[in-house]
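# Geometric and topological summary
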Amino acid sequence: MDLLALRRGRRKAAGPQPGPAREEVLLFLVADEIYGIGVRCLRQAILSAGLRDIPGGQHDALGEVGYRDGKIPVVKMGVLFGFPAPADPSRRRILVVEAGGRRFGLMVDGVGETAEVDPKGIDPLPEMVTLLDPRLFRGLFRHKERIVLLMAEGGLAAMEDIEAYGAGERVGG
Amino acid sequence: MAGIPTLSLRKGPSPKPAALPPIQLLVFQIGGKLFGVEIARLGQIIDFRRPTRTPRRPAYVDGVIAHRGAILPLYSLRRRLGLAPIGPGTPGEFRQAILLVRLPPDDRLLGVSVDSVFKVIALDRETILTPPPKVFGIRSEFIRGVANLGGRPVVWLDQERLLSSAEEITLTT
C-alpha cells in the first residue's frame, strides 16, 4: 500500500540510549533534488490524485485534498520551489504533516527512504542560496554523496497561505 | 664654517624605491572573453561538480556543493555576467572549473564557476591599465585593471565587489 507507518512513538527505546540522539528524517524528491523532513511530524503519505485547486485561491502553490472527514491545505512543493513538473507524475505523493498545531500536506515528486541524522551534522543554509523565507529550512546535511535540504515543519506551518486557509484543520487542541 | 653643499647630498646612486612584486592572476574564460582574479585572493581551484540546486535561488546562484566536509554556495560567474547557462547549443569549448573565494566582511567561502581556466600569469604593475568606464559592458567599479595577453585583453575583476553587488550586468560580445 501507499501508506507509510510513520506514527509518532514507533520507536520505543528499551532503555537509556548511548551516543548522540539521532533524528529520523524522511527523504523525498522535488524535481531531482532530495529534501528531508523529520519523521516525528509526519502522519501519512497518500496518493496525490485527489488534489484540487482551492476555489478562489490566490496562490498557485497551494491546493487542497480530502483527508479523513475533512480537507487539508496542500503545498505543491515543486511550484513553491519554482521547479518544473516531473516527467513522471505517477510517483507524486502528499505527505500529511502535523506541526504548529496545524495539519497540512506537502505534495512531493517521490518518496524515498528514511535516514538517521545527527543534529550536529546539519549545517545552516548558506546566505543567498534561496530567495524563499529561510525559516522554511532547518539546514543541509550530507547523505550518500548527496546534499539534502532539510525542511522546517514549523516554518511550513507558519506559511501565510496555510495560516490563511480557512478550513485548515487545527490539531492537538 | 663651510656648509655642506646641498648638491653633494645628491651624489652617488640614489636608492630605487622597492619594486612591487608582479601581480599573479588566474586567467579564465567566460563567454569567450578572458578575465582574471588575483591568485592571492583565491582559495583553491577544484573540478566542476554538479551542484544541488536550491529552490527559488537568485539567477547567478547555481546551488550548493560539498567540499571537504563543508557545504558551500556555488555562484555562476557566467550567469552573474548575464550569460545563459552552458547548454548543448552553447558555442565554444568548455572545461568548467570552480574557484573557491572568500568574501568579506565575514570571510565566508564560496565557489564560483567559470567556463574554463586558461593560465596563471604574472603582470608587472606598470603594464596594468586603468579601465575605461565600461569594459565588455562591465562597469569599472567591478574592474581592478585591464592587461594585454598576447593581443587579447584580460579584465582583472574585483570579485568581492562583483559578487557582493546585485547590480545587473550584461556582458557584451
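Attention now goes to the overall build of chain A. Along its length, chain A carries three helices and eleven strands. Helices (α) and strands (β) of chain A occur, in sequence order from the N terminus, as β-β-β-β-β-β-α-β-β-β-β-β-α-α. Buried residues in chain A amount to 49% of all 173 residues. In the structure as shown, chain A presents an accessible area of about 9100 Å², 51% of it carried by carbon and sulfur atoms.

Our next topic: the nonpolar core. Within soluble globular proteins, side chains that are nonpolar tend to cluster in buried spots. By size, the foremost hydrophobic cluster in this structure holds 70 residues, and its most contacted members are A:F81, A:L106, B:F28 and B:L77. Of the residues forming this core, the biggest block, four residues, is contributed by strand β6 (residues 97–103) of chain B. Not counting the four nearest positions on each side in its chain, A:L106 is found in contact with A:I37, A:V74, A:V75, A:M77, A:R93, A:I94, A:L95, A:V97 and A:L156. With ten residues, the next largest nonpolar core counts B:I23, B:I121, B:I128 and B:W156 among its residues.

This next bit is on the layout of surface pockets. Think of a ball as big as a water molecule: rolled over the atoms, this probe shows where empty space is left. Residues and elements named next belong to chain B. Roughly 320 Å³ of volume is contained in the second largest pocket. Looking at the second largest pocket, it is lined by 20 residues, and the ones nearest its centre are P51, R57, D62, R79 and P85. Of all the secondary structure elements, the ones that give two or more residues to the lining of the second largest pocket are β4 (61–67) and α1 (77–80).

The pLDDT averaged across chain B works out to 89; a share of 90% of its residues lies at or above 70. Our summary of model confidence lists the complex with pTM equal to 0.83 and ipTM equal to 0.82.

Residues and elements named next belong to chain B. Looking at the element boundaries, V120 is found in strand β8 (residues 116–123). Of the residues examined, V120 reaches a relative accessible area of 45% and is grouped as partly exposed. Sequence separation between V120 and T52 is 68 residues, and the spatial gap between their C-alpha atoms is 29 Å. Apart from residues no more than four positions distant in its own chain, V120 is found in contact with Q24, L25, L26 and I39.

Here the focus is the side chain of A:H143. Residues and elements named next belong to chain A. Mapped onto the elements of the fold, H143 is located in strand β10 (residues 137–143). Take H143: its relative accessible area is 16%, and that puts it in the buried class. For H143, the side chain forms a polar contact with the side chain of E113, separated by 3.3 Å. Those residues within four positions of H143 in sequence are excluded, and the remaining contacts are L27, E113, A115 and V148.

Residues and elements named next belong to chain A. Read across the sheet, five strands follow the order β9-β1-β2-β11-β10 without closing on themselves; strand pairing throughout is mixed. Both edges of this open sheet fall to β9 (110–117) and β10, since each of them pairs with a single strand only. In this sheet, neighbouring strand axes are inclined to one another by 35° on average, regardless of whether the strands run parallel or antiparallel. The sheet contact formed by strand β1 (residues 23–30) and strand β2 (residues 33–38) spans six bridges and is antiparallel. Its bridge partner being in β2, V30 is matched across the sheet by E33.

All right, on to the interface of chain A and chain B then. Every contact between the two is made by 23 residues of chain A and, on the other side, 20 residues of chain B. A combined buried area of about 1900 Å² lies between chain A and chain B, and 59% of that area is made up of carbon and sulfur atoms. A salt bridge links A:E33 to B:R50, with the nearest nitrogen and oxygen atoms 2.7 Å apart. Here chain A and chain B share nine residue pairs in polar contact (both at pLDDT 80 or more) between them. Listing elements by their share of the side of chain A that touches chain B, those giving two or more residues are β2, α1 (77–81), β10 and β11 (146–151) of chain A. When residues of the side of chain A that touches chain B are assigned to their parent elements, the largest contribution, four residues, is made by β10(A). Looking at the side of chain A that touches chain B residue by residue, the classes come out as 16 nonpolar, two polar and five charged.

Criteria and thresholds
Residues numbered from 1 in each chain as written. Chains lettered and ligands numbered in written order. Predicted model: local features only at pLDDT ≥ 70, side-chain atom pairs only at ≥ 80, totals over all residues. Heavy atoms only, no water. Helix = DSSP H or I, 4+ residues; strand = E, 2+ residues; numbered from the N terminus. Buried < 20%, exposed > 50% of the residue type's maximum accessible area, 1.4 Å probe, protein only. Areas by Shrake-Rupley, 256 points an atom, 1.4 Å probe, with all protein chains shown as cover. Core = buried A, V, L, I, M, F, W, Y, C linked by side-chain atoms within 4.5 Å. Contact = heavy atoms within 4.5 Å. 1 Å grid on protein atoms, 1.4 Å probe; cavity = no way out; pocket = protein on both sides within 12 Å on 5 of 7 lines; lining within 4 Å. Points joined across faces, edges and corners; volume = space filled by probe spheres on them. pLDDT = per-residue confidence, 0-100. Polar contact = N/O pair within 3.5 Å; in protein donor to acceptor, adjacent residues only side chain to side chain. Pairing = 2+ DSSP bridges. Axes fitted to C-alpha atoms, helices over the stretch in contact; angles between N-to-C directions. Buried area = accessible area lost by both parts, 1.4 Å probe. Salt bridge = Lys/Arg side-chain N within 4 Å of Asp/Glu carboxyl O. Nonpolar A, V, L, I, M, F, W, Y, C, P; charged D, E, K, R; others polar.

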